[in-house]
Amino acid sequence: MKKHNFSAGPAILPASVLEEAAQAVRDFNGIGLSILEISHRSPSFSAVLEEADELVRELLGLSDDYGLAWLTGGASTQFFMAPMNLLDDDKMAAYADTGSWSAKAIKEARNFGAVEVVASSKPQNYAYIPKQYEIPAHAQYLHLTSNNTIFGTQYHSWPETNVPFVADMSSDMFSRPVDVNRFGLIYAGAQKNLGPAGVTLVIVRKDMLGRVSRKLPSMLDYRIHLENGSTYNTPPVFPIYVSMLTMRWIKANGGLQGMARHNEAKAKALYDEIDANPMFRGVAAKEDRSLMNATFVMAEGKEEMAPAFLQATKDAGCVDVKGHRSVGGFRASIYNAMAPESIGVLVSVMQDFAQKNG
Ligand SMILES: *Cc1c(COP(=O)(O)O)cnc(C)c1O
């Protein structure tokens with residue numbers, strides 16, 4: 001049976017990318033060697049890294065004011081690496097607390113300087129994105145989680161401030177256009193919307209760097225990675241290669257505008273069903289709903305039918321529709337690579353379920 005992959009991460013990748021990556025594992029570009037067994041300094045891999053960097057720059061329209069690097073350690077390493085590089089002990093950074101990942105970023109940042117949590121939706125179990133809050137002008141940056149993977153909320157407009165943003169875009173990177181110039185730093189673990197687990201893309205405005213007085217270990221100093229073009233040490237060769245293939249696919253499918261159109265249409269189809277179907281209700285505030293992770297639960301009084309619905313999704317080939325334990329219910333992750341047909345299958349399961357049990 002065809003599987004429809006609604007996993008939150010590691011997550012769906014375009015079928016053509018998987019095909020090409022599988023071929024490269026056997027024989028990369030006809031060189032008679034696998035991508036897994038060549039030097040990260042070989043001409044073959046240097047070309048991959050160069051194309052990956054160019055595609056990031058082209059997709060986002062990055063100016064030379066920005067550098068980028070492909071790092072390891074996941075977005076979780078960026079939770080401490082960002083403040084370590086950007087926030088001096090006697091300075092302050094503002095953080096918006098919009099979910100579990102934001103909360104983890106806040107916890108790590110407190111090790112390096114003063115942290116002011118300027119907004120939090122925690123008391124409402126992170127069901128919305130706070131708006132209209134004060135951001136002190138002396139904050140070194142405002143940290144945001146652009147898409148809250150677990151709770152199903154996403155920023156659809158950015159706070160009004162001159163303070164540069166530092167953003168965790170792990171789960172909506174390359175899903176829509178962004179005005180990069182408002183961001184001092186963007187980081188994204190690849191395994192949600194870009195590639196396999198094992199690589200994290202970091203984009204940083206160069207003038208944000210070199211302002212802290214603490215000593216930085218080389219591997220945790222953005223400047224070292226920028227100066228060495230992501231090859232200070234052995235970078236994660238295969239995850240970078242697959243991410244490069246995914247970016248080629250994004251470019252061929254209309255770039256970030258094409259992704260946004262396609263993602264809006266997919267999300268609308270699913271949310272329309274959640275709203276219309278008497279068996280279900282959405283969890284996140286409507287205006288803040290994520291185009292990447294749709295969270296929903298059984299309607300009031302129908303809670304005990306959750307296991308039966310989950311079983312029905314599995315019977316139709318829908319994988320990982322179960323919600324995160326901190327929200328319960330269901331979560332359908334519908335990243336770039338998910339085809340509208342797969343949304344259609346889930347919507348049919350919801351309709352059939354209502355017909356049989358409503
Ligand atoms: C998954 C996720 C993380 C954690 O990423 P790791 O690569 O596991 O460290 C952080 N932030 C967001 C928004 C995520 O979705």
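Residues numbered from 1 in each chain as written. Predicted model: local features only at pLDDT ≥ 70, side-chain atom pairs only at ≥ 80, totals over all residues. Heavy atoms only, no water.

S.K.: If you had to explain the overall build of the protein to someone new, which residues and values would you point to?
M.R.: A count of helices and strands for the protein gives nine helices and 14 strands. Once the C-alpha set of the protein is aligned to its principal axes, its extents read approximately 65 × 55 × 30 Å. Counting all 358 residues of the protein, 57% fall into the buried class. The long-range share in the protein, meaning contacts at least 24 apart out of those at least 6 apart in sequence, stands at 67%. For the protein, the exposed area adds up to about 15200 Å²; of that, 50% sits on carbon and sulfur atoms. (Helix = DSSP H or I, 4+ residues; strand = E, 2+ residues; numbered from the N terminus. Buried < 20%, exposed > 50% of the residue type's maximum accessible area, 1.4 Å probe, protein only. Contact = heavy atoms within 4.5 Å. Areas by Shrake-Rupley, 256 points an atom, 1.4 Å probe, with all protein chains shown as cover.)

S.K.: Any chance you could break down the pattern of salt bridges for me, citing the residues and the numbers?
M.R.: Here the structure, examined in full by the defined rule, presents 13 salt bridges. Residue lysine 131 is joined to glutamate 287 by a salt bridge in which the shortest nitrogen-to-oxygen separation is 3.8 Å. Of this pair, lysine 131 sits in the loop between strand S4 (114-120) and strand S5 (142-145) while glutamate 287 sits in the loop between strand S11 (280-282) and strand S12 (293-298), and the two are 156 residues apart along the sequence. Residue classification places lysine 131 among the partly exposed positions, given a relative accessible area of 44%. Given the relative accessible area of 54%, glutamate 287 is considered exposed. Of the charged contacts, one joins aspartate 221 and arginine 223 as a salt bridge, the two residues approaching to 3.1 Å between their closest N and O atoms. By relative accessible area, which is 36% here, arginine 223 ends up partly exposed. Connected via shared salt-bridge partners are Glu20, Glu51 and Arg248. (Salt bridge = Lys/Arg side-chain N within 4 Å of Asp/Glu carboxyl O.)

S.K.: Which residues make up the sheet that holds strand S8 (residues 165-168), and what values do they have?
M.R.: Within the open sheet, the seven strands sit side by side as S2-S10-S9-S8-S5-S3-S4. Their pairing is mixed. Across the chains shown, the open sheet's two edge strands, defined by having one partner strand only, are strand S2 (66-71) and S4. Averaged over all pairs of adjacent strands, the angle between strand axes in this sheet comes to 20 degrees, irrespective of strand direction. Along the sheet, helix H2 (residues 43-60) contacts S2 and strand S10 (200-205); its crossing angle with S2, the most-contacted strand, is approximately 130 degrees. (Pairing = 2+ DSSP bridges. Axes fitted to C-alpha atoms, helices over the stretch in contact; angles between N-to-C directions.)

S.K.: Go over helix H6 (residues 237-252) with me, naming the residues and quoting the values.
M.R.: Relative to the 22 Å expected for 16 residues at 1.5 Å per residue, H6 spans 23 Å between its end C-alpha atoms, a close match to the ideal helical length. With 12 of its 16 residues buried, H6 lies for the most part within the structure. Taken together, the buried positions of H6 are Val237, Pro239, Ile240, Tyr241, Val242, Ser243, Met244, Leu245, Thr246, Met247, Trp249 and Ile250. On its buried side, H6 packs onto helix H1 (15-26), H2, S2 and helix H7 (255-276). Among the residues trailing H6, glycine 254 stands out with phi positive, at a value near 95 degrees. (Expected span 1.5 Å × (residues − 1).)

S.K.: Any details on the packing of aromatic side chains? Residues and values, ideally.
M.R.: Within the structure shown, the criterion is met by 18 aromatic pairs. Between phenylalanine 28 and tyrosine 241 the ring centres are 5.3 Å apart and the planes differ by 80 degrees, which places this aromatic pair in the edge-to-face class. Here phenylalanine 28, found in the loop between H1 and H2, pairs with tyrosine 241, found in helix H6; they are 213 residues apart in sequence, far enough to count as distant. An identical accessibility class is assigned to phenylalanine 28 and tyrosine 241; each is buried. (Phe/Tyr/Trp six-rings, centres within 6.5 Å; stacked < 30°, edge-to-face > 60°.)

S.K.: Lay out H7 with the relevant residues and their values.
M.R.: For an α-helix the count is 3.6 residues per turn, leaving residues at separations of three or four pointing the same way. Compared with the 32 Å implied by 1.5 Å per residue over 22 residues, the 32 Å span of H7 between its first and last C-alpha is a close match. Turning to H7, its buried residues number three or more, namely Gly255, Leu256, Gly258, Met259, Ala260, Asn263, Lys266, Ala267, Leu270, Tyr271, Glu273 and Ile274. Buried residues in H7 make contact with H2, H6, S11, S12, strand S14 (330-333) and helix H9 (340-357).

S.K.: Before we move on, can you summarise the environment of alanine 308 with the specific residues and values?
M.R.: Looking at the element boundaries, alanine 308 is found in helix H8 (residues 306-315). On a C-alpha basis, the gap between alanine 308 and alanine 190 in space is 33 Å, while along the polypeptide they are 118 residues apart.

S.K.: Help me get a handle on the packing of H1 against H6, residues and values and all.
M.R.: Between H1 and H6, the shortest axis-to-axis distance is 10 Å and the interhelical angle comes to 145 degrees. Crossing handedness for the pair H1 and H6: right-handed. Between H1 and H6, the residues in contact are Ser16, Val17, Glu20, Ala21, Ala24 and Val25 and Phe238, Tyr241, Val242, Leu245, Thr246, Arg248 and Trp249, respectively. (Left-handed = near helix turned anticlockwise from the far one by under 90°.)

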